[in-house]
Amino acid sequence: MASPLNVSVVSANQQIWAGEASMVVAKTVEGEIGILAGHEPMLAILAAGEVRVNTTSGERLVARADDGFLSVENDTVTIVARDAELIS
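Per chain, residues are indexed from 1 in the order of the written sequence. Side-chain atom pairs in this predicted model are given and counted only at pLDDT of 80 or more, local residue features only at pLDDT of at least 70, and totals for whole chains, interfaces and linings cover all residues. Calculated side-chain values reflect all of the structure's heavy atoms, with hydrogen atoms and water omitted.

Novice: Provide a residue-level description of the pattern of salt bridges, including the pertinent values.
Specialist: A carboxyl oxygen of Asp or Glu within 4 Å of a side-chain nitrogen of Lys or Arg is what we treat as a salt bridge. Counted by the stated rule, this structure contains 6 salt bridges. Between arginine 64 and aspartate 83 there is a salt bridge; the shortest N-O distance is 3.2 Å. Of the two residues, arginine 64 is situated in strand E5 (residues 60–73) and aspartate 83 in strand E6 (residues 76–86); the sequence distance between them amounts to 19 residues. Buried, partly exposed and exposed residues are distinguished by accessible area as a fraction of the type maximum, computed with a 1.4 Å probe on protein chains only: under 20%, between the cut-offs, and over 50%, respectively. Using a relative accessible area of 33% as the deciding quantity, one classes aspartate 83 as partly exposed. A run of DSSP states H or I qualifies as a helix once it reaches four residues; a run of E qualifies as a strand once it reaches two. Both are numbered from the N-terminal end.

Novice: Can you explain the pairing of E5? Please cite residues and give values.
Specialist: Whether two strands pair depends on DSSP finding at least two bridges between them. One ladder, built from 11 bridges, connects strand E4 (residues 42–55) with E5; its direction is antiparallel. Bridging across to E5, asparagine 54 finds its partner in arginine 60. Counted between consecutive antiparallel strands, the loop separating E4 from E5 contains 4 residues, among which glycine 58 sits at a positive phi close to 95 degrees. Connecting the antiparallel pair E5 and E6 is a turn made up of 2 residues, with asparagine 74 showing a positive phi of about 50 degrees.

Novice: Talk me through the nonpolar core; I want residue IDs and the actual numbers.
Specialist: Counting 21 residues, the largest nonpolar core has Val7, Val24, Val77 and Ile79 as its most contacted members. When contributions to this core are tallied by element, the ones reaching two or more residues are strand E1 (5–10), strand E2 (15–28), strand E3 (31–36), E4, E5 and E6. It is E2 that provides the largest number of residues to this core, a total of 5 residues. Here, residues are in contact when the closest pair of their heavy atoms is within 4.5 Å. What valine 24 contacts, discounting residues up to four positions off in sequence, is Leu5, Val7, Ile33, Gly34, Ile35, Val51, Arg52, Val53, Val77 and Ile79. We call a set of buried Ala, Val, Leu, Ile, Met, Phe, Trp, Tyr and Cys residues a nonpolar core when their side-chain atoms join them within 4.5 Å.

Novice: So what's going on with the environment of phenylalanine 69? Residues and values would help.
Specialist: Considering the arrangement of structural elements, one finds phenylalanine 69 in strand E5. Phenylalanine 69 gets classed as partly exposed once you look at its relative accessible area, which sits at 35%. With 13 residues separating them along the chain, phenylalanine 69 and arginine 82 place their C-alpha atoms 9.2 Å apart. Residues contacting phenylalanine 69, with those up to four places away along its chain left out, are Leu43, Ala44, Ile45, Leu46, Thr78, Ile79 and Val80.

Novice: Could you give me a rundown of the environment of valine 72, with the residues and numbers involved?
Specialist: Inspection of the secondary structure puts valine 72 in strand E5. Take valine 72: its relative accessible area is 2%, and that puts it in the buried class. For the pair formed by valine 72 and alanine 18, sequence separation is 54 residues and the distance between their alpha carbons is 14 Å. The residues touching valine 72, leaving out its near neighbours within four places in the chain, are Ile35, His39, Glu40, Pro41, Met42 and Val77.

As structure tokens, this is what we get:
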């Protein structure tokens, strides 16, 4: 099994969720993107929409994120949104 992603979802004033995940899907201004372990480094502008995180324990988290960016480097995914909250 590939090493897990280290994921952090934060809003302007608080951390929404952090942990290990097998996959992250987010909506960017260029379309939806899926991130798996080993993904090339990238920086993308978030569009308003959902961020879906499949944790390594099999749980699926969904957060609403408005405006911000997504960064991927060395199996670390950082999502910073102006406004974000867990919805499930």
